[in-house]
There are 2 protein chains.
Amino acid sequence: MTDARPGLHRPFARRETEFRPSPVRAVFELAMDPAYVSLAGGNPDTGLLPTAEVADLSAQLLRERGAEILQYGSGAGADALREAVVHLMAQTGSAVSGADVLATTGSQMGLDLVTKLFCDPGDVVIAEGPTYVGAMGVFGSYEVDLRQVPVDDAGMDPDQLAGVLDAERAAGRTVRFVYVIPHHQNPSGVTLTAERRRRVVEVCAARDVLVLEDDPYAFVGFPGNDPLPSLHSLHPEGVVHLGSMSKLFAPGLRVGWIVAPPELRARLQLAGEAVDIHPSALSQEVAAAWVTGPRWRPVLDAQRAVYAERCRVLLDALGREMPPGVHWTEPSGGFFTWLTLPGVPPGTDLLGAAIEQRLVLVPGDACFVDPPPTRHVRLAFSSGSDADLIEGARRLGAMVRAVQA
Amino acid sequence: MTDARPGLHRPFARRETEFRPSPVRAVFELAMDPAYVSLAGGNPDTGLLPTAEVADLSAQLLRERGAEILQYGSGAGADALREAVVHLMAQTGSAVSGADVLATTGSQMGLDLVTKLFCDPGDVVIAEGPTYVGAMGVFGSYEVDLRQVPVDDAGMDPDQLAGVLDAERAAGRTVRFVYVIPHHQNPSGVTLTAERRRRVVEVCAARDVLVLEDDPYAFVGFPGNDPLPSLHSLHPEGVVHLGSMSKLFAPGLRVGWIVAPPELRARLQLAGEAVDIHPSALSQEVAAAWVTGPRWRPVLDAQRAVYAERCRVLLDALGREMPPGVHWTEPSGGFFTWLTLPGVPPGTDLLGAAIEQRLVLVPGDACFVDPPPTRHVRLAFSSGSDADLIEGARRLGAMVRAVQA
């Protein structure tokens, strides 16, 4: 037998160079170290879930329908999950039926399947700038050329979107879809206003370009901030919608969904069956039963109040700790605020500087294909204790002063 | 707002034409119809699982560690799952550590990730002929050129494998890996003998070609048929191994694994995180606790005895019902037997002919890129009642007589 290591030293597929650690996943281990304060992960606080009740629910489902739940299921998803999604979507103004719903292993897989179905190498996708780093990883894995449209306090700018779309068309390039995170965007924390939702949908429809709406944060607005109508509700034929159980219930279940017209859903289902056949049936059943049961709403409302309070604690601490000129967004929900750090030279290693202060965060450059000269960081407040949030702001203040020119 | 349906009528990505319904998934709904007898699905009999015990296990895990299990977890997989895989792999002769293990959403996703990492469009993969239809779907979705090496009663023929490898090399083509299902192969039911395992590994190692071993049926040999040493155990550096909880426990959990040297595992993990972040943590924990607990072995042994008995019932019925000249394999485990039907003209629609007899099966052509002139069908005996198996054989006899020239 030879000692050669076949397959390891040979060239990988061309796309392999696009598989890079996400800055969130790369610091996953570091964020577990108690010497560090982590404001990196966009995690719901599962410590606020009544786990004994979830335990009883899972046991009841398995006791009553175990042979079915432990067996292969439909590639479209469990009936219960698809019905639960119909009810959730109605709350953001979308009238859909189970036939429009495809269950996915988290909305990450929805993003993967839509990109896989639509995008050849070199095709263009347009996203917000900044955008979700995990989406950038997907686009990279399919060798997509990503363009970004700036976000301000009202979300993506529709006029600039129209300009980018027209410029790409004029250059003879194929724009496959416009990727938008409308509520409490990751990473900016900004919500696309109702007026801009209409404008974004109009700009895309007028140019016959699909909108891919990724909306995991719709249901985690702070108290008083219920969801706005989804982009999907404004133009169901022109918008593919991605949803997720991860923020409104439990990311460990890895259950998300795609809503798309039935013909397109069927194509996405075929693509999905080739990837993982279907998402965990146990996870789907537990998620569906929880979000259609009586305890989902009160538990989530309590979490939303906690997230709002933590956001307030963090923003107050930033007010005390940041040097003059630093700006941060004022979220109305979700998990993140986005900081603009003036006077920090391009090229400065912000993650390294944070780690020197025993602080973990997401450097803003990771959220851009072509990072702008002004530097940014993303801070998550959703799962930190008040003490961590205050101490994190203190360490960030020290870090910013250390890197400002 | 326009009535155009953007995205639906535009061209999809080039690979979209490769997303075809698997013949198993396509008849999933029909197989549920009680007027039909289905011998199509390769399902374990989850009705033989003590679901109340699984229910108690899931409740205990969620009660004790719910906040962790419901949260995002490691992209490599849960520690408990990786340790469980180390123990399972030891039973087929592979000494691995947790660092070699990547949890996947079923072994289907393992197949997807390995193909994604290694294969550019036009690259060659060599598989058994016939091979698993779900693997053909994956290879198609990455625009791989599939070659097949005939299987006889001892599995893939190593001499023919060497010939195909050399011919591809001589033609200047890149062979990325050789895909092998060594135990109770899907669809042939044949097990690669110990001697041929050594030969296949040697042939590939001598040519510096990776082996991709897909081994979901290792633990479902009939009583007295424990697993042979895995191909991985014969050459750990040259074999990537895919495993699955689906046949030895529960497919609805969608938990599988990849074993690969750590550097390669890390690359596959990055690719996997872009697809679904990680498999369901609840599913991973339940599967790990079950297969390392005291009840896994006796429950599985009881299932193996039932599968052996059902196989005997089906083969006896085939002996009574088949016209002269029909041949079938004699499995020593797994879920399938593979029939050769002489005198059936190429082009005959075997699935259509079966459906006319209210019988659902997998037509053999689906398991070949270039179907041979002799026609085949796959029959599954794993989840049918004795009455269904006997009636299925009777309907198949009528079907074969109807289509023979």
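Structure shown above.
Read on for an overview of the structure. (Residues numbered from 1 in each chain as written. Chains lettered and ligands numbered in written order. Predicted model: local features only at pLDDT ≥ 70, side-chain atom pairs only at ≥ 80, totals over all residues. Heavy atoms only, no water.)

## Let's talk about the packing of aromatic side chains
For the record, the criterion: Planes of paired rings set the category: under 30 degrees apart is stacked, over 60 is edge-to-face and the rest tilted, where pairs are Phe, Tyr or Trp rings (Trp by its six-membered ring) whose centres lie within 6.5 Å. Every helix listed is a DSSP run of H or I at least four residues long, and every strand listed is a run of E at least two residues long, numbered separately from the N terminus. Only protein chains enter the calculation, and the probe is 1.4 Å; a residue is then buried if its accessible area is under 20% of its type maximum, exposed if over 50%, and partly exposed in between.
A complete count under the given rule lists 22 aromatic pairs over all chains for this structure. Measuring from centroid to centroid gives 5.9 Å for Phe 219 of chain A and Trp 296 of chain A, while their planes differ by 65°, and the two rings are edge-to-face. Of this pair, Phe 219 of chain A sits in the loop between strand E7 (210–214) and helix H9 (231–234) while Trp 296 of chain A sits in helix H12 (residues 296–321), and the two are 77 residues apart along the sequence. A relative accessible area of 6% places Phe 219 of chain A in the buried class. Consider the rings of Phe 222 of chain B and Phe 381 of chain B, whose centres lie 6.0 Å apart with planes at 55°: the pair is tilted. Of this pair, Phe 222 of chain B sits in the loop between strand E7 (210–214) and helix H8 (231–234) while Phe 381 of chain B sits in the loop between strand E14 (375–380) and helix H13 (386–403), and the two are 159 residues apart along the sequence.

## A word on the sheet that holds strand E6 (residues 175–180) of chain A
Residues and elements named next belong to chain A. Let me state the cut-off plainly: For two strands to be treated as a pair, DSSP must find no fewer than two bridges joining them. The contact definition used throughout considers only heavy atoms, calling two residues in contact when any of these lie within 4.5 Å. Fitted lines through C-alpha atoms give the axes, limited to the stretch in contact for helices. The angle between two N-to-C directions lies from 0 to 180 degrees.
The mixed open sheet is built from eight strands, whose spatial order is E2-E9-E8-E7-E6-E3-E4-E5. Each edge of the open sheet carries a strand with a single partner, namely strand E2 (101–104) and strand E5 (155–156). Relative to E7, E6 is paired through four bridges, and the arrangement is parallel. Bridge pairing in E7 places Val 180 opposite Glu 213. Helix H4 (residues 79–90) contacts E2, strand E8 (239–244) and strand E9 (256–259) of the sheet and is inclined by roughly 70° relative to E9.

## Observations regarding the packing of helix H3 (residues 79–90) of chain B against helix H10 (residues 281–292) of chain B
All names here are of chain B. This is how the line gets drawn: Note on convention: near helix rotated counterclockwise from far helix by under a right angle means a left-handed crossing. Clockwise means right-handed. Only Asp, Glu, Lys and Arg are considered charged, only Ala, Val, Leu, Ile, Met, Phe, Trp, Tyr, Cys and Pro nonpolar, and every remaining residue, Gly among them, polar.
With their axes 8 Å apart at the nearest point, H3 and H10 run at an angle of 35° to one another. The two elements H3 and H10 meet at a crossing, and its hand is left-handed. Together, Ala 80, Leu 81, Ala 84 and Leu 88 of H3 and Gln 284, Glu 285, Ala 288, Val 291 and Thr 292 of H10 make up the contact between the two elements. By residue class, the composition of the contact of H3 with H10 is six nonpolar, two polar and one charged.

## Here's the deal with the interface of chain A and chain B
Put simply, the test is: The buried area of a pairing is the accessible area, by a 1.4 Å probe, that goes missing from both parts when the two are put together, added over both. Definition used for salt bridges: Asp or Glu carboxyl oxygen within 4 Å of a side-chain nitrogen of Lys or Arg.
Opposite the 94 residues of chain A that make contact, chain B presents 94 residues. Buried surface at the junction of chain A and chain B, both sides included, amounts to about 8200 Å², of which 59% is carbon and sulfur. Put simply, chain A and chain B have six salt bridges between them. Ionic pairing is found between Lys 116 of chain B and Asp 112 of chain A, a salt bridge with its closest N-O pair at 3.3 Å. Mapped by element, the contributors of at least two residues to the side of chain A that touches chain B are helix H3 (51–69), helix H5 (106–118), helix H6 (133–141), helix H8 (194–206), helix H10 (262–276) and helix H11 (281–291) of chain A. Here the element with the most residues in the side of chain A that touches chain B is H3 of chain A; it accounts for twelve residues. Grouping the constituent residues of the side of chain A that touches chain B by class yields 47 nonpolar, 25 polar and 22 charged.

## What about the state of the cysteines?
For the record, the criterion: Throughout, a disulfide means two cysteine sulfur atoms within 2.5 Å of one another.
One pass over the structure, following the stated rule, counts zero disulfides over all chains. Free cysteine Cys 367 of chain A: the closest other cysteine sulfur is in Cys 311 of chain A, separated by 17 Å. By relative accessible area, Cys 367 of chain A is classed as buried at 2%. Here Cys 119 of chain B is not cross-linked by a disulfide; its sulfur's nearest cysteine counterpart is in Cys 204 of chain B, at 14 Å. Judged by relative accessible area, Cys 119 of chain B falls into the buried class, the value being 0%.

## Some details on the nonpolar core
Formally: Each nonpolar core is a collection of buried residues, namely Ala, Val, Leu, Ile, Met, Phe, Trp, Tyr and Cys, held together in the definition by side-chain atoms within 4.5 Å.
Residues Tyr 179 of chain A together with Tyr 179 of chain B are the most contacted members of the largest nonpolar core, which totals 220 residues. Here this core takes eleven residues from H12 of chain A, the largest share from any one element.

## Observations regarding the relation of the copies chain A and chain B
Our working definition: When the copies are superposed, the least-squares fit takes in the C-alpha atoms of residues with a pLDDT of at least 70 in both.
Structural alignment of chain A on chain B gives an RMSD of 0.0 Å, achieved by rotating through 180° and translating 0.0 Å along the axis. These values place the two chain copies in the arrangement generated by a two-fold rotation axis. Looking at the rotation axis and the C-alpha trace of chain A, the residue lying nearest is Ala 59 of chain A, at 2.7 Å. A shared interface surface links the copies, since 100% of the contact residues of chain A are contact residues in chain B too.

## Some remarks on the environment of Arg 14 of chain B
The test is simple: For the purposes of these results, a polar contact is taken to be a pair of N or O atoms within 3.5 Å, where, inside protein, one atom must be able to donate a hydrogen and its partner to accept one; residues adjacent in sequence count only when each atom of the pair is a side-chain atom.
Looking at the secondary structure, you find Arg 14 of chain B in the segment before helix H1 (23–26). Non-local contacts of Arg 14 of chain B, meaning those with residues more than four positions away in its chain, are made with Asp 120 of chain A together with Pro 121 and Glu 143 of chain B. A polar contact of 2.8 Å, which involves the side chain of Arg 14 of chain B, links it to the side chain of Glu 143 of chain B.

Purely spatial values, then, with no claim about function.
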